[in-house]
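Descriptive analysis of the structure
Chain residues, written in single-letter form:
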Amino acid sequence: MRLEGKKAIVTGGAGGIGRATSLAFAAEGAAVAVVDLNGDAAEAVAEEIRAAGGTAIAVAADVSSEPDIERVVQTAVEQFGGVDVVFNNAGIIRRTTAVETSVEEWDRVFGVNVRAIFLMCKHVVPIMAAAGGGSIVNTGSGWGLKGGGQAISYCASKGAVVNMTRALAIDHGPQGIRVNSVNPGDVDTGMLRDEARQLGQDQAGFLAEAADRPLQRMGQPSEIAAAVLWLASDDSSYVTGSALVVDGGGIA
Ligand SMILES: NC(=O)c1ccc[n+]([C@@H]2O[C@H](COP(=O)([O-])OP(=O)(O)OC[C@H]3O[C@@H](n4cnc5c(N)ncnc54)[C@H](O)[C@@H]3O)[C@@H](O)[C@H]2O)c1
């Protein structure tokens, strides 16, 4: 088991990619704190893990809030005895241009997609460093590496995630902490359907367009989870500061 005895935090753990990764971590032996704004859905994922014989707790939290992040880290330490792996994955998208985006929406996207990762690292890095190291994986996006239409705040925020990841890797490598980003493209989750709604587009047409890439299909959450598992585990022991693209060739 690739995460035997490890203690993990997964944010956005009730969503498509977060749930799949929480299940994958637990199946490989990790104790998982499933963190989500939607506490009931997080509890359902934790229960699914426990029913399969794994170890998990749910924590309802808004990752953009410093008191909530402090509580998440404290809870994981109290319940599991430490934190070895963090998957900073909670994210939101607003499909608007600069002209259409309010300052409040801009700040909310940056609060959830960017500030949350800064806050988590601020509070979890000292714990990992004291224990001799750890692995942090941040969810970027293909749109953190190239631009996309009608998603100005999202593209800016995911670009920040990719470069913040590199800066974190430089600062905390000497403490044995690896930090990488996973950059998915068009994965079959609630977020994609929400985008179709926001753009007022027909869902079937939107999803068909999402499949237009070299591998000719959307990704499945489990395929992102497999990449995150690799980055979280010692299998990637010499990998840090990297931006791993998992998108069926979408931005190739
Ligand atoms: N689905 C895709 O095609 C795709 C592509 C590239 C990147 N991503 C990224 O993958 C990550 C996961 O997205 P997903 O596709 O699984 O979407 P999703 O909507 O299924 O899951 C996101 C989860 O984050 C939670 N969340 C939202 N705001 C939160 C907050 N403030 N605090 C705590 N939890 C919060 C939601 O409740 C939800 O459970 C996001 O960062 C997203 O930007 C997704």
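Residues numbered from 1 in each chain as written. Predicted model: local features only at pLDDT ≥ 70, side-chain atom pairs only at ≥ 80, totals over all residues. Heavy atoms only, no water.

As a reminder of what qualifies: UniProt positions are given in the numbering used here, feature names are shortened, and annotations may be inferred rather than shown by experiment.
Within an unreviewed UniProt entry, the label attached to the protein reads SDR family oxidoreductase, and the organism entered is Microbacterium candidum. Looking at the Sequence similarities (unreviewed entry) heading of the UniProt record, one finds this comment for the protein: "Belongs to the short-chain dehydrogenases/reductases (SDR) family."

1. So, the overall build of the protein
The condition is simple: Numbering of helices and strands runs from the N terminus, with a helix taken as a DSSP run of H or I at least four residues long and a strand as a DSSP run of E at least two residues long. For the exposure calls, accessible area comes from a 1.4 Å probe over protein chains only, and a residue counts as buried if that area is under 20% of its type's maximum, exposed if over 50%, partly exposed in between. Whether two residues touch is decided by their heavy atoms; if any such pair falls within 4.5 Å, the residues are in contact. Note on areas: Shrake-Rupley, 1.4 Å probe, and residue coverage restricted to the protein chains presented here. We treat Lys and Arg as the positive residues and Asp and Glu as the negative residues; His and chain ends play no part in the count. We put the charge of a Lys on NZ, of an Arg on CZ, of an Asp on CG and of a Glu on CD.
Within the protein, the secondary structure is distributed over eight helices and seven strands. If one aligns the C-alpha atoms of the protein with their principal axes, the spans along those axes are about 45 × 35 × 35 Å. Looking at the 252 residues of the protein, the share that counts as buried comes to 50%. For the protein, the proportion of contacts with a sequence separation of at least 24, taken over those separated by at least 6, is 71%. Of the roughly 10,800 Å² that the protein leaves accessible, carbon and sulfur atoms contribute 53%. One way to put it: in the protein the 19 positive side-chain charges average out to a point 3 Å from where the 29 negative ones average out.

2. Notes on the nonpolar core
Cut-off, in case you're wondering: For this analysis, a nonpolar core means a set of buried residues of the types Ala, Val, Leu, Ile, Met, Phe, Trp, Tyr and Cys, connected via side-chain atoms within 4.5 Å.
Ile 9, Val 86, Met 120, Val 124 and Ile 136 are the most contacted members of the largest nonpolar core, which has 33 residues in total. Elements with a minimum of two residues in this core: β2 (31–36), β3 (55–60), α3 (66–80), α4 (103–131), α5 (152–172) and β6 (177–184). Sorting elements by how many residues they give to this core places α4 first, with ten residues. With sequence-adjacent residues up to four places away left out, Ile 9 is seen in contact with Ala 33, Val 35, Val 72, Val 73, Ala 76, Val 83, Val 85, Val 86, Phe 87 and Met 120. Core analysis: the next-biggest nonpolar cluster, separate from the first, contains 27 residues, Phe 25, Ala 30, Ala 56 and Val 228 among them.

3. Observations concerning the packing of helix α1 (residues 16–27) against helix α2 (residues 39–51)
As a reminder of what qualifies: Axes here mean lines fitted to C-alpha atoms, for a helix over just the part in contact, with angles spanning 0 to 180 degrees between N-to-C directions. Oblique is the label for every angle not falling under 35 degrees (roughly parallel), over 145 degrees (roughly antiparallel), or within 65 to 115 degrees (roughly perpendicular). Crossing handedness is read from the near helix: turned anticlockwise from the far helix by less than a right angle, it gives a left-handed crossing, and turned clockwise, a right-handed one. Just so you know the grouping, Ala, Val, Leu, Ile, Met, Phe, Trp, Tyr, Cys and Pro go in nonpolar, Asp, Glu, Lys and Arg go in charged, and all remaining residues, Gly too, go in polar.
The interhelical angle for the contact between α1 and α2, taken along N-to-C directions, is 25°, at an axis separation of 10 Å. On the basis of their axis angle, the class for α1 and α2 is roughly parallel. The crossing of α1 and α2 is right-handed. Residues Arg 19, Ser 22, Leu 23 and Ala 26 of α1 form the contact with α2, whose participating residues are Val 45, Glu 48 and Ile 49. Its residues assigned to classes, the contact of α1 with α2 shows four nonpolar, one polar and two charged.

4. Structural notes on the side chain of Ser 141
Within the secondary structure, Ser 141 sits in the loop between β5 (134–139) and α5. Sequence-distant contacts of Ser 141, that is, excluding residues within four places in its chain, are made with Tyr 154, Lys 158, Val 182, Asn 183 and Pro 184.

5. Comments concerning the pairing of β5
Going by this rule: Two strands form a pair only when DSSP identifies at least two bridges running between them.
Within β5, six of the six residues are buried, which leaves it mostly tucked inside the rest of the structure. Alternating positions in β5 separate into two faces, Gly 134, Ile 136 and Asn 138 on one and Ser 135, Val 137 and Thr 139 on the other, with burial throughout. Where strand β4 (residues 85–88) meets β5, four bridges bridge the pair, whose relative direction is parallel. Across the sheet, Phe 87 pairs through a bridge with Val 137, a residue of β5.

6. Some thoughts on the environment of Gly 5
Along the chain, the position of Gly 5 falls in the segment before β1 (7–11). Distance from Gly 5 to Gly 29, taken between C-alpha atoms, is 6.2 Å for residues 24 residues apart in sequence. Not counting residues up to four positions away in its chain, the partners in contact with Gly 5 are Gly 29 and Asp 84.

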